[in-house]
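Next come the chains, spelled out residue by residue.
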Amino acid sequence: MTVPRVSIQTEDFDLSVEIATLRRENKGVGAVCSFVGTVRDRNDGDPVSSMELEHYPGMTEKSIEAMVDEAFRRFDIFGARVIHRVGLLQPLDQIVLVAVTSAHRGQSFQACEFLMDYLKTQAPFWKKEQTPQGARWVDARVSDDAALARWGITAANA
């Protein structure tokens, strides 16, 4: 059974299971790099009680798959796995997993960071936070656009 490279889901994920599955696909793996993003209880100085993530099914997966393809073109990697959760999430809940395997750590680190920079700025997700002042949509950050620019990609938000 082939594990998908990209999953958009409401369910939580188990990091150890995902890493073990990714490693099992190639005995030449010498490095695994992963990033797990979680919901913070504060943003822009305000308390956050929850976050809701929305997306366009089909379009989101296609967009992220294209960036995983680009990571394979740019870096010498064996495998990649991206899981992004949607729906209502609470502080400390896991939001996103990016995991990459390669023969050596440098390529895994770079590909993982490349994919995360893309997800932060270009993946079609909309985030709404609940604060004491009410609900607010989370805007793209200039620092995230700058992170993507170092890979030679201009953010659509710019």
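Residues numbered from 1 in each chain as written. Predicted model: local features only at pLDDT ≥ 70, side-chain atom pairs only at ≥ 80, totals over all residues. Heavy atoms only, no water.

An unreviewed UniProt entry annotates the chain as Molybdopterin synthase catalytic subunit of Acidovorax delafieldii. According to UniProt, the comment filed for the chain under the heading Pathway (unreviewed entry) is "Cofactor biosynthesis; molybdopterin biosynthesis." (UniProt positions renumbered as here; feature names shortened; annotations may be inferred.)

Before going further, it helps to examine the overall build of the chain. Along its length, the chain carries four helices and ten strands. From first element to last, N terminus to C terminus, the chain shows the α and β order β-α-β-β-β-β-α-β-β-β-α-β-β-α. Since a compact globule built from 158 residues should have a radius of gyration of about 15 Å, the 16 Å found for the chain is in line with a globular shape. Seen along its three principal axes, the alpha-carbon backbone of the chain occupies a region of about 50 × 35 × 30 Å. The buried share of the chain, reckoned over its 158 residues, is 44%. At a minimum sequence separation of 6, the contacts of the chain that also span at least 24 residues come to 75%. The average position of the 18 basic charges and that of the 22 acidic charges among the side chains of the chain differ by 4 Å. (Helix = DSSP H or I, 4+ residues; strand = E, 2+ residues; numbered from the N terminus. Rg over C-alpha atoms; globule rule 2.2 N^0.38 Å. Buried < 20%, exposed > 50% of the residue type's maximum accessible area, 1.4 Å probe, protein only. Contact = heavy atoms within 4.5 Å. Lys, Arg positive; Asp, Glu negative; His and termini not counted. Charge placed at Lys NZ, Arg CZ, Asp CG, Glu CD.)

Time to look at the packing of aromatic side chains. Considering all chains together, one arrives at two aromatic pairs under this definition. Centre to centre, the rings of Tyr 56 and Trp 126 are 5.1 Å apart; their planes meet at 75°, and the pair counts as edge-to-face. Of this pair, Tyr 56 sits in the loop between β5 (50–55) and α2 (59–74) while Trp 126 sits in strand β9 (residues 125–131), placing them 70 residues apart in sequence. (Phe/Tyr/Trp six-rings, centres within 6.5 Å; stacked < 30°, edge-to-face > 60°.)

Even without being a glycine, Asp 44 presents a positive backbone phi close to 50°. Positionally, Asp 44 belongs in the loop between β3 (42–43) and β4 (46–47). The backbone of Leu 92 sits at a positive phi, close to 80°, despite the residue not being glycine. Locating Leu 92 in the fold gives a position in the loop between β7 (87–89) and β8 (94–102). Residue Leu 92 is classed as exposed on the basis of its relative accessible area, which comes to 74%.

Glancing now at helix α3 (residues 105–121). When the terminal C-alpha atoms of α3 are compared, their 25 Å separation across 17 residues agrees well with the 24 Å that a helix rising 1.5 Å per residue should span. Inspection of α3 places Ser 108, Ala 111, Cys 112, Phe 114, Leu 115, Met 116, Asp 117, Tyr 118, Leu 119 and Thr 121 among the buried residues, and these make up the whole buried set. (Expected span 1.5 Å × (residues − 1).)

With that settled, the discussion passes to the sheet that holds strand β6 (residues 77–85). Strand order in this open sheet of four strands is β1-β6-β8-β2, and the pairing throughout is mixed. Strands at the two margins of the open sheet, each flanked by one partner only, are β1 (6–9) and β2 (31–38). Between one strand and the next, the sheet's axes are offset by a mean angle of 10°, whatever the strand orientation. Of the strand pairs in this sheet, β6 and β8 are connected by seven bridges, and their pairing is antiparallel. Bridge pairing links Ile 77 to Ser 102 in β8. Docked against the sheet, α2 engages β1 and β6, running at close to 155° with respect to β6. (Pairing = 2+ DSSP bridges. Axes fitted to C-alpha atoms, helices over the stretch in contact; angles between N-to-C directions.)

This paragraph deals with the pattern of salt bridges. Charged atoms that come close allow side chains of opposite charge to pair. Inspection of every chain in the model, using the stated rule, returns eight salt bridges. Note that Glu 129 and Arg 136 form a salt bridge whose closest N and O atoms lie 3.0 Å from each other. (Salt bridge = Lys/Arg side-chain N within 4 Å of Asp/Glu carboxyl O.)

Here we come to the environment of Ala 66. Of note, Ala 66 is situated in helix α2. C-alpha separation for the pair Ala 66 and Lys 120, spaced 54 residues apart in sequence, amounts to 15 Å.

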